[in-house]
Amino acid sequence: MSEESLPFNEKVLPIKILKEEWERSIKNPEKFWAEKAKTIDWVKTWDKVLDDSDSPFYRWFVGGILNISYNALDRHLKTPKKNMLAYIWEGEPGEVKTYTFYQLYREVNKLAKIFKNFGLKKGDRVAVYLPMILELPITLLATARIGGIHTVVFSGFSADALAGRINDCEAKILVTSDGAYRRGKTVQLKETADRALENTPTIQKVIVVKRTRQDVSMKGGRDYWYHDLMTEVEPNVYVQPEPMEATEPLFILYTSGTTGKPKGVQHSTGGYLVWAYWTLKWAFDPDERDIWWCTADIGWITGHTYNVYAPLALGITSFIFEGTPDYPAQDRWWDIVEHHGITILYTTPTAIRMFMKFGEDWVNKHDLSTLRLLGSVGEPINPEAWRWYYRVIGKEKLPIIDTWWQTETGGFMIAPLAGLELVQLKPGSATYPLPSVLAEVYDEKGQPTAIGKRGVLVIKTSWPGMLETLWKDPERYKQAYFGRFPNVYYTGDYAVKDPDGYLWLLGRADEVLKVAGHRIGTVELESELVSHPAISEAAVMGKEDPIKGEVPVAFVVLRSGFSPSEELRANIVKHIRNTIGPIATPEAIVIVNKLPKTRSGKIMRRLLKAVLSGAALGDVSTLEDEASIEEVKATYDELKRQLEKK
Ligand code: WT7
């Protein structure tokens with residue numbers, strides 16, 4: 001490898017250990033990972049560490065056999081960790097529940113037994129639609145224990161979205177709850193699940209956790225209460241962990257892409273676990289003294305990796321919170337940090353910007369002195385939010401570990417590594433790639449950009465946590481990640497490398513939005529919009545938002561016979577909430593007579609974006625009809641005025 005492809009600049013920073021580890025991992029990945037993988041318990045070790053003979057389908061630890069629930073639970077029972085807390089959970093109403101590793105092991109075995117009694121077999125899919133309660137990690141671990149494949153659907157998704165995901169992976173069992181708490185009210189989860197279940201022929205059994213105690217309908221022979229099933233099995237039942245090939249899938253997690261249909265990202269058992277373990281260790285190095293709080297919902301990859309598999313495999317205590325940050329008051333989180341003695345807080349820029357808005361007084365009411373590390377994830381962190389986090393939460397003493405990664409990468413990819421060697425931080429940069437990650441910034445032609453020049457981020461290596469494929473869609477996998485440039489993984493993000501080799505992530509370069517850190521496909525939104533009877537054409541764009549980073553704004557053209565009204569707008573919003581879910585709710589529905597298009601008929605997104613940001617429109621020479629952009633602008637201005645009045 002040439003010297004200039006190294007992302008390090010020795011002259012500037014003393015980063016010896018990191019550089020050495022990174023170089024070792026790139027020069028000889030097989031040797032490097034054979035050493036690292038020893039921290040995992042294997043039933044049988046691998047025959048080959050990395051098989052790249054069928055690239056871009058990379059296979060890690062081929063021939064290796066393990067079970068991930070064994071690694072998360074059983075192996076700690078032989079050590080003093082047996083009686084250590086695996087989870088501390090606080091419910092929205094304020095109750096606290098804890099599980100030691102041993103207690104968690106007991107719960108997981110019972111549920112695994114129930115799954116077996118229901119006839120669930122290795123390779124079968126289990127869909128999960130639950131709020132942030134401990135039955136969620138228990139369900140994942142029980143599924144993994146018997147060799148099933150879980151697919152978690154975030155509880156903010158709609159019935160249609162849930163049904164779509166269940167049908168795509170043909171799940172046999174659904175685990176859900178009667179309801180969920182949200183800001184003191186209850187949300188009807190089972191009712192939504194029931195609507196999904198009208199169109200999910202593969203689901204045979206539904207297990208319902210009682211959480212909010214609201215009335216729900218239970219279908220005989222299909223629906224069972226979780227607590228009934230759990231009391232019916234032997235309390236000390238032991239279910240043998242299913243021996244799994246390292247390359248057999250552990251889970252599918254759907255995420256938005258650049259086309260209409262969400263992508264079923266498929267993760268492996270062995271490579272994923274090794275990557276989860278080492279990335280958490282490198283970046284945060286948590287140990288028995290820590291209480292690790294990753295604020296992400298387990299419905300997203302962040303929760304899968306850093307609320308379930310990585311912390312359990314490392315044998316540390318995680319804190320899980322069911323509620324929202326501002327209920328019942330805007331200091332709920334700081335109350336939690338103080339009360340539970342949280343030592344590491346890993347959260348999102350959106351949350352930080354929200355707390356900035358609430359004001360420092362809420363924070364300063366609490367003793368946060370147990371904190372030793374802070375983390376950030378999900379979207380670029382603007383330097384202003386970074387500095388506030390550093391000053392107000394970290395009291396100018398704690399490093400901020402900004403972790404760049406994706407659903408597809410399984411774990412951190414670019415981040416400062418407090419547990420290996422902490423480089424000098426720069427507010428807003430995720431710093432350097434982790435071992436095994438050879439990151440490069442490319443221009444449109446696939447050439448590395450000059451230092452300081454924006455391009456797209458690509459990864460030129462394979463790493464153990466990398467997705468294996470897209471569920472039953474290998475062609476789309478190839479197209480989505482390796483179709484842009486040959487032989488390199490395309491991330492879809494803009495990035496720039498500075499003169500010190502630091503990487504700065506600059507947001508999505510494709511048709512994907514990051515709304516409060518959540519990934520929303522604009523094309524997915526557009527196709528749901530045009531399924532509304534009143535809409536003939538739609539274009540969705542991101543608009544900058546001071547808290548959420550960006551929010552979707554929909555430009556729509558109505559079919560003849562329909563005219564703009566508040567009622568229609570509300571109806572369109574309802575349609576989106578029903579088809580995708582509340583998280584995709586557009587900030588505004590802008591009704592226009594025509595969308596700005598090029599002469600060849602392509603919607604001019606650049607112009608819509610300019611309208612939204614108030615920037616100059618630039619070259620409009622390719623516009624088919626220049627008048628329409630003026631019209632869009634006028635309509636939007638009018639709408640903005642209306643919104644401001646509210
Ligand atoms: C996209 C992936 C990975 C866990 C949560 C999101 C953006 C993520 C950062 C960061 C700048 C970030 C990227 C990426 N992103 N972390 N630290 N700095 N951008 O997973 O939903 O798959 O989204 O989130 O745009 O591509 P995801």
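First things first, this report covers the structure right here in the doc. None of these values were measured; they are calculated from a predicted model.

1. A look at the overall build of the protein chain
1) Next: Of regular secondary structure, the protein chain possesses 19 helices and 30 strands.
2) Next: For the protein chain, whose C-alpha radius of gyration is 24 Å, the value lies close to the compact-globule estimate of 26 Å for 646 residues.
3) Next: Oriented by its inertia axes, the alpha-carbon framework of the protein chain measures out at about 75 × 70 × 55 Å.
4) Next: A buried classification covers 62% of the 646 residues belonging to the protein chain.

2. Some words on the nonpolar core
1) Next: By size, the foremost hydrophobic cluster in this structure holds 120 residues, and its most contacted members are Trp33, Phe61, Leu104, Phe115, Ile207 and Phe284.
2) Next: Of the residues forming this core, the biggest block, 11 residues, is contributed by helix H9 (residues 270-284).
3) Next: Counting 47 residues, the second largest nonpolar core, distinct from the first, contains Leu189, Val206, Leu529 and Val540.

3. Things to note about the pairing of strand S20 (residues 400-403)
1) Next: What you see with S20 is no split at all: Ile400 and Asp402 on one side and Ile401 and Thr403 on the other are buried throughout.
2) Next: With 4 bridges joining them, strand S19 (residues 373-377) and S20 adopt parallel strand pairing. What sits directly across from Gly375, in S20, is Ile401.

4. A look at the site of the ligand
1) Next: In the vicinity of the ligand there are 17 residues, among which Asp402, Thr407, Arg508, Lys514 and Arg519 approach most closely.
2) Next: At a separation of 3.4 Å, a nitrogen atom of the ligand approaches a polar backbone atom of Pro380.
3) Next: Surface burial for the ligand is 96%, taken as the share of its 550 Å² of free accessible area covered by protein chains.
4) Next: Breaking the shell around the ligand down by element, the ones donating at least two residues are helix H10 (301-314), S20 and strand S25 (503-508).
5) Next: Tallied by class, residues from the shell around the ligand come to 6 nonpolar, 5 polar and 6 charged.

5. Things to note about the sheet that holds S19
Whenever strands of a sheet pair, they do so through backbone hydrogen bonds, lying parallel or antiparallel.
1) Next: Spatially, the 7 strands line up as an open sheet ordered S5-S4-S17-S16-S18-S19-S20, and their pairing is mixed. The sheet terminates laterally at strand S5 (96-100) and S20, the two strands that pair on one side only. In this sheet, neighbouring strand axes are inclined to one another by 20° on average, regardless of whether the strands run parallel or antiparallel.
2) Next: For strand S4 (residues 85-90) and strand S17 (residues 317-321), the ladder comprises 4 bridges, and the chain directions are parallel. The residue bridging Ile88 from the neighbouring strand is Phe319, located in S17.
3) Next: Across the face of the sheet, helix H4 (residues 101-117) comes into contact with S4 and S5 while running at roughly 90° to S5.

6. Overview of the sheet that holds strand S24 (residues 489-497)
1) Next: If you walk across this open sheet you meet the 4 strands as S21-S22-S24-S25, and the pairing is antiparallel. A single partner strand is all that each edge strand has here, and the edge strands are strand S21 (439-442) and S25. This sheet shows a mean twist of 45° between the axes of neighbouring strands, independent of strand direction.
2) Next: Bridging between strand S22 (residues 455-459) and S24 involves 4 bridges; their strand directions are antiparallel. Opposite Ile459, over in S24, you have Tyr489 as the bridge partner.

What counts, and at which threshold
- Here the residue numbering is sequential within each chain, running from 1 through the sequence in written order.
- The predicted nature of this model means local features are confined to residues of pLDDT at least 70 and side-chain atom pairs, given and counted, to a pLDDT of 80 or more, with totals for whole chains, interfaces and linings taken over all residues.
- With hydrogens and water stripped out, all remaining heavy atoms of the structure feed into the side-chain values.
- Under the scheme used here, helices are H or I runs from DSSP no shorter than 4 residues and strands are E runs no shorter than 2 residues, and both carry numbers assigned from the N terminus.
- In this treatment the radius of gyration is a C-alpha quantity, and the globule benchmark scales as 2.2 Å times the residue count to the 0.38 power.
- Here's how the labels work: a residue is buried when its accessible area is under 20% of the maximum for its type, exposed when over 50%, partly exposed in between, all with a 1.4 Å probe on protein chains only.
- Residues grouped as a nonpolar core are buried Ala, Val, Leu, Ile, Met, Phe, Trp, Tyr and Cys residues, joined through side-chain atoms within 4.5 Å.
- We call two strands paired when DSSP finds no fewer than two bridges between them.
- Proximity is defined per residue: any heavy atom of the residue falling within 4 Å of a molecule or strand makes that residue near it.
- Between N or O atoms, a polar contact is any pair within 3.5 Å; within protein, one atom must be a potential hydrogen donor and the other a potential acceptor, and residues adjacent in sequence are included only when both atoms are from side chains.
- Surface accessibility in these figures is a Shrake-Rupley result with a 1.4 Å probe; residues are shielded only by whichever protein chains are displayed.
- In this classification, the charged set is Asp, Glu, Lys and Arg, the nonpolar set is Ala, Val, Leu, Ile, Met, Phe, Trp, Tyr, Cys and Pro, and all remaining amino acids, among them Gly, are polar.
- Interaxial angle, 0 to 180 degrees, is taken between N-to-C directions of lines fitted to C-alpha atoms, where a helix line uses only the stretch in contact.
- Here, residues are in contact when the closest pair of their heavy atoms is within 4.5 Å.

The quantities given are spatial measurements derived from coordinates; they are silent on function.
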